[in-house]
Amino acid sequence: MKRFLPSAVPPLALVLGLFGIPSVRAEPAVLKTDGLARHVAHFNAMENEPVVNLVPNAGAEKWLAANIPLFECPDTSVEEMYFFRWWAMRKQLRRAPDGSYVFTEFITRADPISSALGHHLMEGRWLHDQEYHDSYVRWWFRGNAGKPQPKFHNYSQWVDDALYQRYLVTLDRAPLVALLDDLVADYGQWEKEKQLPGGLFWQFDVRDAMEESISGSRTKKNVRPTINSYMFGNARAIAAIARLADRADVATEFAAKAAALRRLTEDNLWDADAKFFEVKLEDGRFSDAREEIGFIPWYFELPEKDRGFEAAWAQLTDEQGFKAPLGITTAERRHPQFRSHGVGGCEWDGAVWPFATSQTLTALANVLRDYPQQVVTNRDYFDAFLTYVKSMHWGDKPYIGEYLDEKTGAWLKGDNPRSRWYNHSTFADLLITGVVGLRPRADDQLEISPLLPADTWNWFCLDDVRYHGRALTIIWDHDGTRYGRGRGLIVLADGRELARADSLRPLTAKLSPR
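Since we're looking at a predicted model, the values are computed, not measured. (Residues numbered from 1 in each chain as written. Predicted model: local features only at pLDDT ≥ 70, side-chain atom pairs only at ≥ 80, totals over all residues. Heavy atoms only, no water.)

Caption draft 1: Spotlight on the pairing of strand S15 (residues 507-510). Residues Leu 507 and Ala 509 point to one face of S15 and are all buried, whereas Thr 508 and Lys 510, pointing to the other face, are not buried. Examined bridge by bridge, strand S10 (residues 445-448) and S15 share four bridges and lie antiparallel to one another. Paired with Gln 445 across the strands is Lys 510, a residue of S15. (Buried < 20%, exposed > 50% of the residue type's maximum accessible area, 1.4 Å probe, protein only. Helix = DSSP H or I, 4+ residues; strand = E, 2+ residues; numbered from the N terminus. Pairing = 2+ DSSP bridges.)

Structural data, given as structure tokens:
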């Protein structure tokens, strides 16, 4: 393949030195780095490295060994995809002209895009060195001579919520509180640009990064579940950050904004006939299409419990709804305009987008744990997760692109160079918080709530997860023979046992300070 975006490649020792990567890494409690080394060698051998950014393939193993939790399980495809997604994300790390670390979305362009910033932060919160994303966030908010980047509002985003969710992992209060005034000002700018007199927000589908959708428009001010859910999540996050900063006035103001958006979204975007959150058109009618964006409110736990909203999730497992052989479709398959807008132009009229799959699986995890309902199960989550794994291939090789055919799995941009290693979704975060079940929270209660069905894997280990300043290890060993530490679900903190359960069930324990 032709090399594009040529750039000078710094010596490997210099690259690793820039990152402060230690020459000797402290050993994880259980796993060795052999599995990581094997996977990286395989990924490196798959390509001729047509693009080289800050950390070349030659430095990938050492960079990843210093930065990511290790994982193993009996499903080799899941394990491979876990390491591949980290390996691919590392390819998108660059230096901006001002020296900031940034993550790009398209490997063929040097400038970052804000549409998937929330995904970048949710995935990146599990890196051991958070300076990459601290720098990246500062670049967006202050990298334009102290002001936000000019294209920051080119796309809707949920950066405030993602920053708070990252805090729940790191407990690094200072950089978050330092951004509070920036977040407040940014929220006010969104209100000026996109809020209607009635209080809801509108957006063009292309500016939701979801162009050519059934319900969307590039000219009409349609009210969408996307931006309203994002702004709810952002308001709620700002209120939480303000409480950390002892800014009671700001906390009260933004808690009220979140409460108002919840009420307005429930009252205006819930179609009682369709039993789904839908786009409201300029003329006040519903769009008449159930679209995957109707699941986004649960990403932020916007819908109130016990009011019947959970009925929407019946569409997830309906083959006339959103269930397809190779993924969760972006529009219901029964709709007459399903897959009607063409192919290859970034259509969101039914094809499968990893961007949306990440949002839906995060939302589904919240429903399964926090909403009393009998509509969906852990098995539904895990089946969708495995389908996600299956979809991320090109032939027999792991691959992540823009979007794919829901029946064949063909990537609809083909082997377009910009689509390779597309940094537009999450995977490690879904495995860590969903399948394995680590639920980040602000207090000292460690909560593990696996969504892995009990009759699926006999063992797994997630090792060296940096959480609240500790190194966690989460083990599942059905009969105690894999890891020699006894049967059950076992949690270690800094190598010492903290808690255990005899089955894959929710587990809590107090995580005392180091």
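Caption draft 2: Layout of the side chain of Ser 425. Tracing the backbone through its elements, the reader meets Ser 425 in the loop between strand S9 (397-398) and helix H14 (428-436). In this structure the side chain of Ser 425 is engaged in a polar contact, spanning 3.5 Å, whose partner is the side chain of Tyr 388. Discounting chain neighbours no more than four positions away, the residues touching Ser 425 are Arg 85, His 119, Pro 354, Phe 355, Ser 358, Tyr 388 and Ile 400. (Polar contact = N/O pair within 3.5 Å; in protein donor to acceptor, adjacent residues only side chain to side chain. Contact = heavy atoms within 4.5 Å.)

Caption draft 3: Here's a closer look at the state of the cysteines. Using the criterion set out here, one finds zero disulfides in the structure. Considering cysteine sulfurs only, Cys 461 is the nearest to Cys 73, which forms no disulfide, with 11 Å between them. (Disulfide = S-S within 2.5 Å.)

Caption draft 4: Structural detail: the environment of Val 78. Locating Val 78 in the fold gives a position in helix H4 (residues 76-91). On a C-alpha basis, the gap between Val 78 and Tyr 388 in space is 9.7 Å, while along the polypeptide they are 310 residues apart. Aside from chain neighbours lying at most four places away, what touches Val 78 is Phe 71, Cys 73, Phe 385, Leu 386, Val 389, Phe 427, Leu 431 and Trp 457.

Caption draft 5: Here's a closer look at the pattern of salt bridges. Scanning the entire structure with this criterion turns up 35 salt bridges. As a salt-bridge pair, Arg 339 and Asp 405 come within 3.4 Å of each other at their nearest N and O atoms. Remark: Asp 405 occurs in the loop between S9 and H14 and Arg 339 occurs in the loop between strand S7 (327-328) and helix H12 (354-370); sequence separation between them is 66 residues. Classification of Asp 405 by relative accessible area gives buried; the value is 16%. Linking Arg 441 and Asp 443 is a salt bridge whose minimum nitrogen-to-oxygen distance equals 2.8 Å. The class for Arg 441 is partly exposed, based on a relative accessible area of 25%. By relative accessible area, Asp 443 is classed as partly exposed at 34%. It is possible to trace a salt-bridge network through shared partners that takes in Asp 370, Arg 439, Arg 441, Asp 443 and Glu 447. (Salt bridge = Lys/Arg side-chain N within 4 Å of Asp/Glu carboxyl O.)

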